[in-house]
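Residues per chain are reported as follows:
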Amino acid sequence: QVQLEESGGGLVQPGGSLRLSCAFSGSRFSTYNMAWYRQDPGQQRELVAAITSGGSMNYADSVKGRFTISRDNAKNTVSLQMNTLKPDDTAVYYCNAKEQTGFRRNYWGQGTQVTVSS
């Protein structure tokens, strides 16, 4: 019913920037809360940034001031602009969509690798 696909990951040096994109295939994109999570091997998945259907945003303390989440309801996309990247930002980044009605189901993309290294 809902499919998410991330893109934009890659290898970047410390201090560099990347922009991740997530394409939402389905209906009623504007009614979903959207978020980016990340996960390193052996670690729990953690919330990086979120944006609600109403446009409210929140960020993990570790990325405040460096990352910016945004959404384009005309294109059914959500983006994560990542600046001043650090080695600790290395992880697989996942796009998440949560419906705000019915059973409030979560949908996940396949993930995109971000590696910050010299």
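In what follows, the structure referred to is the one given above.
Notes on the structure in this doc start here. Model, not experiment: these values are computed from the prediction. (Residues numbered from 1 in each chain as written. Predicted model: local features only at pLDDT ≥ 70, side-chain atom pairs only at ≥ 80, totals over all residues. Heavy atoms only, no water.)

### Some details on the state of the cysteines
In this structure the tally under the stated criterion is one disulfide. Through a disulfide, C22 is tied to C95; the S-S separation comes to 2.1 Å. Taking the sign of the torsion about the S-S bond as the criterion, the disulfide between C22 and C95, at about -85°, is left-handed. Of this pair, C22 sits in strand β3 (residues 18-25) while C95 sits in strand β9 (residues 91-99), placing them 73 residues apart in sequence. Of the two residues, C22 and C95, both sit in the buried class. (Disulfide = S-S within 2.5 Å. Helix = DSSP H or I, 4+ residues; strand = E, 2+ residues; numbered from the N terminus. Buried < 20%, exposed > 50% of the residue type's maximum accessible area, 1.4 Å probe, protein only.)

### Digging into the environment of M57
Looking at the secondary structure, you find M57 in strand β6 (residues 57-59). Residue classification places M57 among the partly exposed residues on the basis of a relative accessible area of 47%. For M57 and A35, which are 22 residues apart along the polypeptide, the C-alpha to C-alpha distance reads 9.3 Å. When residues no more than four places from it in sequence are discounted, the contact partners of M57 are A50, I51 and I69. (Contact = heavy atoms within 4.5 Å.)

### Focus on the pattern of salt bridges
Side chains that carry opposite charge are capable of pairing whenever their charged atoms lie near each other. Tallied over the entire structure, the rule returns five salt bridges. A salt bridge links D89 to R66; the shortest N-O distance between them is 2.8 Å. Taken together, the positions of D89 in the loop between β8 (77-82) and β9 and R66 in the loop between β6 and β7 (67-72) put the pair 23 residues apart, joining distant regions of the chain. The partner of E99 in a salt bridge is R105, with the nearest N and O atoms 2.9 Å apart. Taking relative accessible area as the criterion, E99 reaches 9% and is therefore assigned buried. Under the relative-accessibility criterion, R105 is labelled partly exposed at 47%. Several salt bridges share partner residues, and in doing so they unite R38, E46, R66 and D89 into one network. (Salt bridge = Lys/Arg side-chain N within 4 Å of Asp/Glu carboxyl O.)

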